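Here is what each chain is made of, one letter per residue.
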Amino acid sequence: MLSRSNVLLAIKSFSVLASLFVLAYFYDFNNALDFFSDLNYYFLFISLFFIVGNQLLSSIRFKVSLHIFGVDLRVEDSNRINIYSLISGFVFFNFFGQSLSRSYLIGGSLGKESAFFLTAVERAVSVSVLLVAAISFSLLCFGGMSFDKSPAAMIFFVVFFVVVSLGCYFFFSLSDRQLEGVSQVFSKPVGGGLFWMLLITILMHLFMLASYLCLIIGVVGVDGLSVFAVLAALLTMLGASVPISFGGWGIREVTAGFAFNAASLPPELGVAVGVGVGLLTIVALGVNACGVWVGELFLSSKKNSKIPVSETGRKDSRVFISALAWVLPIFIFVLVMVQLPVPVGVGKLTVNLADPVVIVCGMTFIFVFSQRKMWSRSWEGDFCGHALIGIIFVICSGFLIGYFQHGFLSWAFYNRFIGAGLLGLYFVSGMALSSFWGRDGIIYIARLLAISVLIMLLCEYFARIFLQHESIYVLGWAFRRWFGLFGNPNAYAFFLVCCFPIVFIFSEVGKSWGQKFISYVPAAIFLVGIYYTGSRAAFVAMVVVVSFLSFSYWRKMIPTFVLAFILVGVLSVSREIIYFFYDGAVVPHVAQDLIGSGFAAVQDDRMTSLREGWKLFLNSPIWGAGLGGFYYQQTNAGMPLVIHNSFLWVLAEFGLLGFIIIFGPIGMYAVKNLVNLTWCKNDRMYALLATLFGASIIGLAHEIMYQRILWLLLGVLLTNALPKEAIEKHPIPRS
């Protein structure tokens, strides 16, 4: 049996070897090393100064974070603990390394969960700041930032949608139980602490950005300094902040190569700068560690200083973790609705705004679940754990099969292999909500989804009427089918279909006639959105979903449909009235009437993908063609496609064995509960089965396995509420 230390050693070794392989495959090391031939050592030392300053600032931020939990450490003590935790990042993945070392160093005074929670909050703030900065500079370099430019419309609507959705929810829809938790978390010291954490984090990133730019100047001279260099440095910092790295090594250099290339700069320069920053980081840690040791040596009175015990911090630990279990999923459910096309040098990169939050949330609660031994108690069925292990095995095996058959495929590695790990974190994020908040958590999400979808529908409705054609086209709203902020009407429709059962079942708020009428509105809004997406697969899926839900809720379904028809009529009539009285709406009106002429081409692509997918499956029916095999085949044929059928995609790339492992457990579980009529007594099971029905039908015509919302909802609906973690004091949120 493998010991834990051997497993960790294997993971670390694989991380290093994989990074070296990618670097060797894509880049010429000789060209990268040539950049150091004329190195200016003056700027090298300035870069080192900024990195040392960055680490010292992180110690100050750590002190502020501890103050939130009532632990008032001296600066030298917080610096000592933080430097040791940074060093531990070189022993294991940086996020886990820092968190585990802090758990050991301050766990006795604060509690292990609180120590991990501190690192999670710091990471969330750090990644958020970097993401905003990277997107802003990307638009500055490639899209333009003035508000007479169309990219500004995208920024405006994204910010407006996120802020208004979260604002409406937090100000008008919180339950008494949530308000109680928020009042404890966002007390005066906590609010002030988070504010100072944000300011220090911004200053830390400015120091690190300065170190990158100084190193670039030291390598290629002042001529290398430009807004593109700033963008490349920010993208590298963003990639290196992803909490799955071996002390930052490997992923930083790989990200630097791709980031510099995306910013229209030599990729070998990026690799050289990444290596340089990595080496300087080690030197800076050595400098700071020596400072700690010298302080302990000469300041003997402080050498044995004892870390104060905070009983308040220990008690608040569970409160903070519990609050985090609903606050982060609330942000995730809103941000997952935004697929942002970020312009880069080689085209556009689609970014989902929820991914950074999911990485922090998922990794945090993996530790929490492990620390509290919650895994076995959290699964709705015994199959969940085995099913997830089976899926991991199939994905890894499929990647290896694809590698040995077709060589390294960057599309398969990044979009499929790494993407599968991200989907697992979405699942864990959904588990956190249900485990700690039970039925309450699902009700919170239902209310949030109703608010968010309503705001998105209104934004698109008025934008189609009042905005000029250029802005509408950039937003993807120039054609008849509605896109939302998903960038694709089918993805928009899939989101609405999957979330409809939760919103429909859990939106009941009272028994009077007026309150019942209000409960019809959220589901009706979803039906309106599905209608405007124009997705035929979604229409068919909704027939099945609505029929299934009508077995128990037909009295609620009928007025919901009537209200949806009324809303569609009101929107159509009001639009025509506005067109008649407002001359500025003429151009958008013409744009809306443009019907895509590529319908026949899309159908041909779909039939081609199905035909070639079956051929690929028959060529290797047991093991499949490997991860990315179909895309590789079609790319070589000059016709890059994905299979427009999720089940056929699994058959073609993973074979019958992979198909059985992936769909067998969840299929048997669904059939068992369907036959046993469990859904008649359990609303959560009812919503789960309805979601699976809708997703399966859409999956016959589209690729759904990598849709983030599906795995997030599965995490919510396949998880038990734990008695100690989820005490439902207020089952229905206040109006």
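As a reminder, the structure under discussion sits directly above these lines.
Residues numbered from 1 in each chain as written. Predicted model: local features only at pLDDT ≥ 70, side-chain atom pairs only at ≥ 80, totals over all residues. Heavy atoms only, no water.

Novice: An account of the overall build of the protein chain is requested, with residue identities and associated values reported.
Specialist: Summing up its helical and strand segments, the protein chain has 28 helices and two strands in all. Counting only contacts in the protein chain whose residues sit at least 6 apart along the sequence, the fraction spanning at least 24 positions is 79%. Carbon and sulfur atoms provide 70% of the accessible area of the protein chain, an area that totals close to 31800 Å². (Helix = DSSP H or I, 4+ residues; strand = E, 2+ residues; numbered from the N terminus. Contact = heavy atoms within 4.5 Å. Areas by Shrake-Rupley, 256 points an atom, 1.4 Å probe, with all protein chains shown as cover.)

Novice: Requested: an account of empty space enclosed by the protein, with residues and values cited.
Specialist: Taken as a whole and judged by the stated rule, the model has three cavities of 30 Å³ or more. If you go around the second largest cavity, the residues you meet are Trp-411, Arg-416, Phe-630, Tyr-631, Leu-641, Val-642, Ile-643, Trp-649 and Glu-653. Elements that contribute at least two residues to the lining of the second largest cavity include exactly α18 (410-466), α25 (629-636) and α26 (646-675). (1 Å grid on protein atoms, 1.4 Å probe; cavity = no way out; pocket = protein on both sides within 12 Å on 5 of 7 lines; lining within 4 Å. Points joined across faces, edges and corners; volume = space filled by probe spheres on them.)

Novice: Account for α25, naming residues and giving values.
Specialist: Buried within α25 are the following residues: Gly-629, Phe-630 and Gln-634. In a view along the axis of α25, the buried residues occupy a sector of 125 degrees, so they form one face of it. Among the residues trailing α25, Gly-638 stands out with phi positive, at a value near 80 degrees. (Buried < 20%, exposed > 50% of the residue type's maximum accessible area, 1.4 Å probe, protein only. Arc of directions from axis to C-beta.)

Novice: For the packing of helix α27 (residues 683-699) against helix α28 (residues 708-717), give the residues involved together with the corresponding values.
Specialist: Taken N-terminus to C-terminus, the directions of α27 and α28 make an angle of 155 degrees; their axes are 10 Å apart at the nearest point. Taken together, the axis directions place α27 and α28 in an arrangement best described as roughly antiparallel. Where α27 crosses over α28, the two elements pack in a sense that is left-handed. Mapping the contact onto sequence places Arg-684, Ala-687, Leu-688, Thr-691, Leu-692 and Ala-695 in α27 and Leu-710, Leu-713, Leu-714, Val-716 and Leu-717 in α28. Grouping the amino acids of the contact of α27 with α28 by side-chain chemistry returns nine nonpolar, one polar and one charged. (Axes fitted to C-alpha atoms, helices over the stretch in contact; angles between N-to-C directions. Parallel < 35°, antiparallel > 145°, perpendicular 65-115°, else oblique. Left-handed = near helix turned anticlockwise from the far one by under 90°. Nonpolar A, V, L, I, M, F, W, Y, C, P; charged D, E, K, R; others polar.)

Novice: Explain the nonpolar core to me, and be specific about the residues and the numbers.
Specialist: Within the largest apolar cluster, 192 residues are counted, with the highest numbers of intra-cluster contacts made by Phe-365, Phe-495 and Phe-500. Sort the elements by how many residues they give to this core and α18 lands first, with 30 residues. Those residues in contact with Phe-500 that sit more than four places away from it in its chain are Ala-523, Phe-526, Leu-527, Met-542, Val-545, Leu-549 and Met-557. Judged by nonpolar contacts, the second largest core, of five residues, contains Leu-57, Met-197, Ile-200 and Met-204. (Core = buried A, V, L, I, M, F, W, Y, C linked by side-chain atoms within 4.5 Å.)

Novice: I'd like a rundown of the packing of aromatic side chains, residues and numbers included.
Specialist: In total, this model carries 31 aromatic pairs according to the counting rule given. Seen in terms of ring centroids, Tyr-461 and Phe-462 are 5.1 Å apart; in terms of plane orientation they differ by 75 degrees. Their pairing is edge-to-face. Measuring from ring centre to ring centre gives 4.9 Å for Phe-548 and Tyr-686, while their planes differ by 80 degrees; the resulting arrangement is edge-to-face. Within this pair, whereas Phe-548 is found in helix α22 (residues 536-581), its partner Tyr-686 is found in helix α27, the two being separated by 138 residues in sequence. For the pair Phe-548 and Tyr-686, one class covers both residues: buried. These aromatic residues form a ring-pair network of at least three members: Phe-500, Phe-504, Phe-548, Phe-551, Tyr-553, Trp-679, Tyr-686 and Phe-693. One residue, Arg-416, lies across the ring of Tyr-706, its end atom 4.6 Å from the ring centre. In this arrangement the basic side chain of Lys-556 is found over the ring face of Phe-504, its NZ or CZ atom lying 5.0 Å from the centre. (Phe/Tyr/Trp six-rings, centres within 6.5 Å; stacked < 30°, edge-to-face > 60°. Lys NZ or Arg CZ within 6 Å of the ring centre and 35° of its normal.)

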